[in-house]
Amino acid sequence: KQWYQRRVAITAGGAQGKAVVIAGCIGVIAEVSREALEKRYQQGWIHEIIDEVEACVARVIAARKAKEILSIGFHGNVVALWEGLVCHTKKTGENIVELGSDQTSLHNPFNGGYYPVQLTFEEANKMMGEDPTRFKELVQESLRRHVEAVNYLVTKGMHFWDYGNAFLLEASRAGASVKKEDGTFIYPSYVQMTVGDVFSLGFGPFRWVCTSGDPEDLRKTDEIAAEVIREQLQENPTPEEVNNLQDNLTWIEQAGANKMVVGSQARILYSNQAGRTRIAKAFNDAIAQGVISAPIVLSRDHHDVSGTDSPYRETSNITDGSMWCADMAIQNVIGDASRGATYVSIHNGGGVGWGEVINGGFGMVLDGSVEAGDTAVRMLHWDVSNGVSRRAWSGHPLANSAISATSSTVPGYNLTRYNDTDEELINQI
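A. Representation of the state of the cysteines in the model. Under the definition given, this model contains 0 disulfides. Take Cys-25: it sits in no disulfide, and the sulfur closest to it among the cysteines is that of Cys-56, at 15 Å.

What follows is the structure, given as structure tokens:
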């Protein structure tokens, strides 16, 4: 975490404005829609709005010098911003950006998911309806310029990764220079880089919604979840688990102050199998005791350990060839349903585009009853461990360690284990 502090991060789209602040960064989030940017500003996701590339670069330089923690909303096309940063670096010899990514909706590139730099926001909206062929040409030309600028800054020390929103995929289709000689991408997805290890440990975005709509109930759930994490930190976790537990303790302790709620009184917290089951049980007990005033609905993001088959994102670090299979999400929802989930869902396209991903999800109502508490624990064991097992079978050491710990602590687990093989022997077959 200390490494990130005072670093500059550039992206487009997404909800990274508060994330960069929590991490201690200076962030610039580009957005072509003034209306969307104003909404984020009013909700506190960004601190200020800047309309000109030169002014944005100057503000970043000043913030670096003053050691500010700052979230800037740049009203304009992110390609123009990247090209402006390239001009600054070429002129001064100074690269002022350490971290770069992209969160434009490139799973839908030609219908509003990506706006070409050659057009204004209004011109693009008009052309995509009236002249879609020309619009596609401009999008692909813009992607080539986008990549060219990013590639240059990477040679000057910036670290770039793919969010998993099909940026590299669509850039490659546009003919941009994003592939190695062996056909793989030159940049990792963030799952391959970091989050894949997090998933392999069983940590993922556990979600809950307070049906009362009462902020006080949400505050109490934050306290309960934080106490569970503190207990986990006292139970001799591995160094990798300690890193995740400490980060997520910081997150949940600061969630209220950072005003993360937009609409429902809901929270997302990265937690592992042991943490989710204990948090769910503690929530249910609090409802039964009247500490929390109304039922809570448990869920999770589709972007998680077990619920998604997505070879360009969630399962991109499963390297045994099964990343292209679409069975885990189906197994997930069948297993959740048979263990008592209130509802399950299976759907397509989440985050990376139709035909590129299968997602499975669930909802589980905690009403304070003994049955609800027992069912939630039983279901959550499966919901997490299904994916950790899959990752262990691919040979991931962290997943193997995590599932071994689960099998030794959860009664009734009977797990199929993978066997290491002699690669030379296999190649002789």
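B. Main features of the packing of aromatic side chains. Applying the stated criterion across every chain yields a total of 5 aromatic pairs. With 5.2 Å between their ring centres and 65 degrees between their planes, Phe-160 and Tyr-187 make a pair best called edge-to-face. Of this pair, Phe-160 sits in strand 6 (residues 159–160) while Tyr-187 sits in the loop between helix 8 (167–173) and helix 9 (190–200); the two residues are 27 residues apart in sequence, bridging distant segments of the chain. Both residues of the pair, Phe-160 and Tyr-187, count as buried. Arranged with centres 5.0 Å apart and planes meeting at 70 degrees, the rings of Trp-208 and Phe-283 form a pair that is edge-to-face. Taken together, the positions of Trp-208 in strand 7 (residues 204–210) and Phe-283 in helix 12 (residues 273–288) put the pair 75 residues apart, joining distant regions of the chain. Of the two residues, Trp-208 and Phe-283, both sit in the buried class. Taken together, the ring pairs in this structure connect Phe-160, Phe-167 and Tyr-187 into an aromatic cluster. One Lys or Arg, Lys-18, reaches over the ring of Trp-45 and ends 4.8 Å from the middle of that ring.

C. Quick look at the side chain of Glu-98. As for its placement among the helices and strands, Glu-98 is situated in the loop between helix 4 (78–92) and strand 5 (99–100). Separated by 2.9 Å, the side chains of Glu-98 and Arg-64 make a polar contact.

D. Seen up close, the pairing of strand 12 (residues 358–366). In terms of burial, strand 12 is largely enclosed, as 7 of its 9 residues are buried. Relative to strand 12, strand 9 (residues 296–300) runs antiparallel, the two sharing 3 bridges. Across the sheet, residue Leu-298 finds its bridge partner in strand 12, namely Met-364. Of the pairings in the sheet, the one linking strand 10 (residues 308–309) to strand 12 comprises 2 bridges and is antiparallel in character. Looking at strand 12, one finds that Thr-308 is bridged to Asn-359. Of the pairings in the sheet, the one linking strand 11 (residues 343–348) to strand 12 comprises 6 bridges and is antiparallel in character. Pairing of Asn-348 across the sheet is with Ile-358, part of strand 12.

What counts and how
- Residues numbered from 1 in each chain as written.
- Predicted model: local features only at pLDDT ≥ 70, side-chain atom pairs only at ≥ 80, totals over all residues.
- Heavy atoms only, no water.
- Disulfide = S-S within 2.5 Å.
- Phe/Tyr/Trp six-rings, centres within 6.5 Å; stacked < 30°, edge-to-face > 60°.
- Helix = DSSP H or I, 4+ residues; strand = E, 2+ residues; numbered from the N terminus.
- Buried < 20%, exposed > 50% of the residue type's maximum accessible area, 1.4 Å probe, protein only.
- Lys NZ or Arg CZ within 6 Å of the ring centre and 35° of its normal.
- Polar contact = N/O pair within 3.5 Å; in protein donor to acceptor, adjacent residues only side chain to side chain.
- Pairing = 2+ DSSP bridges.

That's the geometry; what it means functionally is another story.
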